[in-house]
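Here are the chains, one letter per residue:
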Amino acid sequence: MTTMYQLRWAKIEPFEVLRTTEKQVVLASPRKGGEERQAKETEWYTWHDTWEEAHARAVANAQRKVDSLRKQLERANGELGNAKGMKPPNA
């Protein structure tokens, strides 16, 4: 067994993993009475070999979110400027 780190919703948790493949991790599953396979990367979580890798991914995810929100704010400010600059039509 080896320890791997799961990053889910900006939380890093260590897990004991039985084995890994290129795209999956295999965990012991007491509730299922055997093994449980999980993809290493999904929309909700990612698996990493070290805490540092998981942390770097969490930082990168947060930075992408900040960059995206900054672009949205810039577009919204542009729309606000256009709306403020509107003139009534010449009647």
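Below or above, wherever it landed, is the structure these notes cover. Fair warning: this is a prediction, and the values are worked out from it, not measured in the lab. (Residues numbered from 1 in each chain as written. Predicted model: local features only at pLDDT ≥ 70, side-chain atom pairs only at ≥ 80, totals over all residues. Heavy atoms only, no water.)

**So, the nonpolar core**
(1) Moving on: Counting residues in hydrophobic clusters, the biggest one holds six residues: Met4, Val17, Val25, Leu27, Tyr45 and Trp47.
(2) Moving on: Those elements giving two or more residues to this core turn out to be β4 (24-29) and β6 (45-48).
(3) Moving on: Excluding residues that lie within four positions of it along the chain, Val17 makes contacts with Met1, Thr2, Met4, Val25, Val26, Leu27 and Trp47. (Core = buried A, V, L, I, M, F, W, Y, C linked by side-chain atoms within 4.5 Å. Buried < 20%, exposed > 50% of the residue type's maximum accessible area, 1.4 Å probe, protein only. Helix = DSSP H or I, 4+ residues; strand = E, 2+ residues; numbered from the N terminus. Contact = heavy atoms within 4.5 Å.)

**Describing the pairing of strand β1 (residues 2-8)**
(1) Moving on: Summarising the sheet, β1 and strand β2 (residues 11-17) pair through seven bridges and their orientation is antiparallel. Across the sheet, residue Thr3 finds its bridge partner in β2, namely Glu16.
(2) Moving on: A loop of two residues connects β1 with β2, the two strands running antiparallel in sequence, and Trp9 in this loop sits at a positive phi of about 50 degrees.
(3) Moving on: With four bridges joining them, β1 and β6 adopt antiparallel strand pairing. Pairing of Gln6 across the sheet is with Trp47, part of β6. (Pairing = 2+ DSSP bridges.)

**Re the sheet that holds β2**
(1) Moving on: Strand order in the open sheet made by the three strands is β2-β1-β6, with antiparallel pairing throughout. Each edge of the open sheet carries a strand with a single partner, namely β2 and β6. Averaged over all pairs of adjacent strands, the angle between their axes in this sheet comes to 30 degrees, without regard to strand direction.
(2) Moving on: Here helix α1 (residues 51-84) sits on the sheet and contacts β1, β2 and β6; the angle it forms with β1, its principal contact strand, is near 10 degrees. (Axes fitted to C-alpha atoms, helices over the stretch in contact; angles between N-to-C directions.)

**Quick look at the packing of aromatic side chains**
(1) Moving on: If you walk through the whole model with that rule in mind, you get one aromatic pair.
(2) Moving on: The interplanar angle of 65 degrees and the centroid separation of 5.3 Å between the aromatic rings of Phe15 and Trp47 together place this pair among those described as edge-to-face. Of the two residues, Phe15 is situated in strand β2 and Trp47 in strand β6; the sequence distance between them amounts to 32 residues.
(3) Moving on: For Phe15, a relative accessible area of 28% corresponds to the partly exposed category.
(4) Moving on: Overall, Trp47 belongs to the buried group, its relative accessible area being 6%. (Phe/Tyr/Trp six-rings, centres within 6.5 Å; stacked < 30°, edge-to-face > 60°.)

**A word on the pattern of salt bridges**
(1) Moving on: Using the criterion set out here, one finds three salt bridges in the structure.
(2) Moving on: Residue Glu35 pairs with Arg19 through a salt bridge whose shortest N-O separation is 2.9 Å. In this pair, Glu35 sits in strand β5 (residues 34-39) while Arg19 sits in strand β3 (residues 19-20), placing the two residues 16 residues apart along the sequence.
(3) Moving on: According to the relative accessible area criterion, Glu35 is partly exposed, its value standing at 43%.
(4) Moving on: In this structure, the salt-bridge partner of Glu41 is Arg57, at a minimum N-O distance of 2.9 Å. Of the two residues, Glu41 is situated in the loop between β5 and β6 and Arg57 in helix α1; the sequence distance between them amounts to 16 residues. (Salt bridge = Lys/Arg side-chain N within 4 Å of Asp/Glu carboxyl O.)

Read these as layout, nothing more, since geometry by itself doesn't imply function.
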